[in-house]
Amino acid sequence: MRYDTEQHGDGLRLRLRDRFTFADYPAFRHLCTDIERGGALRIEINVSEMEFLDSSAIGMLLILHDETATRQGKLTIIHPRGQVRRALEIAAAKTLLNIVLGPESEEDHHGG
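To keep things clear, this report deals only with the structure shown in the data block. The structure displayed is predicted, hence computed values, not measured ones. Numbering of residues starts from 1 in every chain and runs along the sequence as written. Only residues with pLDDT of at least 70 get local features here, since the model is predicted, and only at 80 or more are side-chain atom pairs given and counted; chain-wide, interface and lining totals rely on the full set of residues. With hydrogens and water stripped out, all remaining heavy atoms of the structure feed into the side-chain values.

Only Phe, Tyr and Trp rings take part, Trp by its six-membered ring, and two of them pair if their centres are within 6.5 Å. Stacked means planes under 30 degrees apart, edge-to-face means over 60, and tilted covers everything else. The final tally for this structure, using the stated rule, is one aromatic pair. Ring geometry for F20 against F28: centres 5.1 Å apart, planes inclined by 40 degrees, an arrangement best described as tilted. Look at F20 and you get buried, because its relative accessible area is 0%. Lying over the aromatic face of F52, R19 brings its terminal NZ or CZ to 4.2 Å of the ring centre. The classification of residues rests on relative accessible area computed with a 1.4 Å probe and restricted to protein chains. Under 20% of the type maximum is buried, over 50% is exposed, and intermediate values are partly exposed. By definition, being over a ring means that NZ of Lys or CZ of Arg is both within 6 Å of the ring centre and within 35 degrees of the ring normal.

All right, on to the nonpolar core then. Core analysis: the largest hydrophobic core is formed by 27 residues, its most contacted members being F20, I45 and L53. Numbering of helices and strands runs from the N terminus; a helix is a DSSP stretch of H or I covering at least four residues, while a strand is a stretch of E covering at least two. Elements that contribute at least two residues to this core include exactly β2 (11–20), α1 (25–38), β3 (42–53), α2 (55–70), β4 (74–78) and α3 (82–90). Non-local contacts of F20, meaning those with residues more than four positions away in its chain, are made with M1, F28, M50, F52, L53, D54, A57, M60 and L61. Side-chain atoms within 4.5 Å are what join buried Ala, Val, Leu, Ile, Met, Phe, Trp, Tyr and Cys residues into a set we call a nonpolar core. Contact criterion: two residues are considered in contact whenever any of their non-hydrogen atoms come within 4.5 Å of each other.

Turning to α1, a few remarks are in order. Helix length check: α1, at 14 residues, gives a terminal C-alpha distance of 20 Å against a target of 20 Å (1.5 Å per residue), a fit within 8%. Turning to α1, its buried residues are F28, L31, C32 and I35. Each buried residue of α1 sits inside an arc of 100 degrees when the element is viewed along its axis, so together they form one side. In α1, the exposed positions angled more than 90 degrees off the buried face are occupied by P26 and R37. Residues of α1 that are buried in the fold lie against β1 (2–8), β2, β3 and α2. Residue G39 follows α1 closely and has a positive phi angle near 75 degrees. By definition here, a helix of n residues has an expected span of 1.5 Å times n minus one. In this description, the arc belongs to the directions extending from the helix axis to the C-beta atoms.

Now the structure itself:
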């Protein structure tokens, strides 16, 4: 998993790229600690450049969601596509996470 962040007051934009799996847990935990220390209450995670995430990654996003909600914040995942979008749909993550779908890409129309 590669990522970059951009802080704006109490908001944070996070862009995740490549693959996000259980192997990324230590890096993601470190990222969560940095987010909490930075005091971000509005977190927007752009996953449009993410190629793959597994069930562990979905669990990590849920943990970050819960930690953010504990501070009266809001986490939004934006623009999932392809396998990432399908994995979130299969996990019924939209019932637990705020997910904003972007414009559908050609790969979404043709099954990938």
